[in-house]
Amino acid sequence: NQMWFGTASSGGATSTLGTSWLTMNGSGATFASSVTATNFILTSDKRLKTNIKEAGISPISVTWNTYEMKSERGQLRYGTVADDLEKRHPEFVRTDDKGMKSVAYIDLLIAKIAELEARIIKGEKDSSVLIKLLTTKIDLLEARLEKAGI
């Protein structure tokens, strides 16, 4: 099922169709234009999920690009190209029945946040170990200097 959303012309009595498409099927809705909202709430209830496992955090290699959509010339965008991402991380790419690829950006960004969080925690632990090591060395040097009367 497809539905056109149109805009009224300045003449008032005439209606012209816009270029935004809404396609709905059993698995969701696809918009062929921008969607603006005050918030997007994603269902996350445990009762709706299966095979829940703690994510193994591993590096996610993404080439970030700037680009313009062909339908929005002059509007600079940031993101990645689904075709390129799919080569390394197909879990973040969806392909519709016409072969059009999309990026599951929320999943991708959550995974990148988890990756960065793991790196920060590791960095904090490494820093803590380094501080202890340096403190021990300073204490030893101070003891030697004191013993030498310096």
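Located above this text is the structure these notes cover.
Residues numbered from 1 in each chain as written. Predicted model: local features only at pLDDT ≥ 70, side-chain atom pairs only at ≥ 80, totals over all residues. Heavy atoms only, no water.

Asks: A description of the pattern of salt bridges should follow, citing residues and the corresponding values.
Replies: Inspection of every chain in the model, using the stated rule, returns eight salt bridges. One salt bridge in this structure joins D84 and K87, with 3.9 Å as the shortest N-O distance. In this pair, D84 and K87 are both assigned in helix α1 (residues 82–88), three residues apart and thus about one turn of the helix distant. Judged by relative accessible area, K87 falls into the exposed class, the value being 69%. The residue E115 makes a salt bridge to R119 at a minimum N-O spacing of 3.9 Å. In this pair, E115 and R119 both sit in helix α2 (residues 105–147), four residues apart, roughly one turn of the helix. Among the residues examined, E115 registers a relative accessible area of 7% and is labelled buried. (Salt bridge = Lys/Arg side-chain N within 4 Å of Asp/Glu carboxyl O. Helix = DSSP H or I, 4+ residues; strand = E, 2+ residues; numbered from the N terminus. Buried < 20%, exposed > 50% of the residue type's maximum accessible area, 1.4 Å probe, protein only.)

Asks: Can you break down α2 residue by residue, with the values?
Replies: End to end, α2 covers 62 Å across 43 residues, agreeing with the expected 63 Å (1.5 Å per residue, within 8%). Residues L108, K112 and E115 constitute the buried set of α2. Packed against the buried residues of α2 are α1 and β7 (101–103). Phi turns positive, to about 80°, at G149, one or two residues after α2. (Expected span 1.5 Å × (residues − 1). Contact = heavy atoms within 4.5 Å.)

Asks: Give me the lowdown on a nonpolar patch on the surface, citing residues and values where you can.
Replies: Taken together, the side chains of F31, V35 and F40 define a hydrophobic patch exposed on the protein surface, amounting to about 310 Å² of accessible area. Note on placement: V35 falls in the loop between β3 (28–31) and β4 (65–68). (Patch = residues over 30% accessible without salt bridge, like charges linked within 9 Å, V, L, I, M, F, W, Y side chains within 5 Å. Areas by Shrake-Rupley, 256 points an atom, 1.4 Å probe, with all protein chains shown as cover.)

Asks: Can you tell me about the environment of A29, naming the residues and giving the values?
Replies: Note on placement: A29 falls in strand β3. On the basis of relative accessible area, A29 is assigned to the partly exposed category, the value being 42%. With sequence-adjacent residues up to four places away left out, A29 is seen in contact with L22, T23 and M24.

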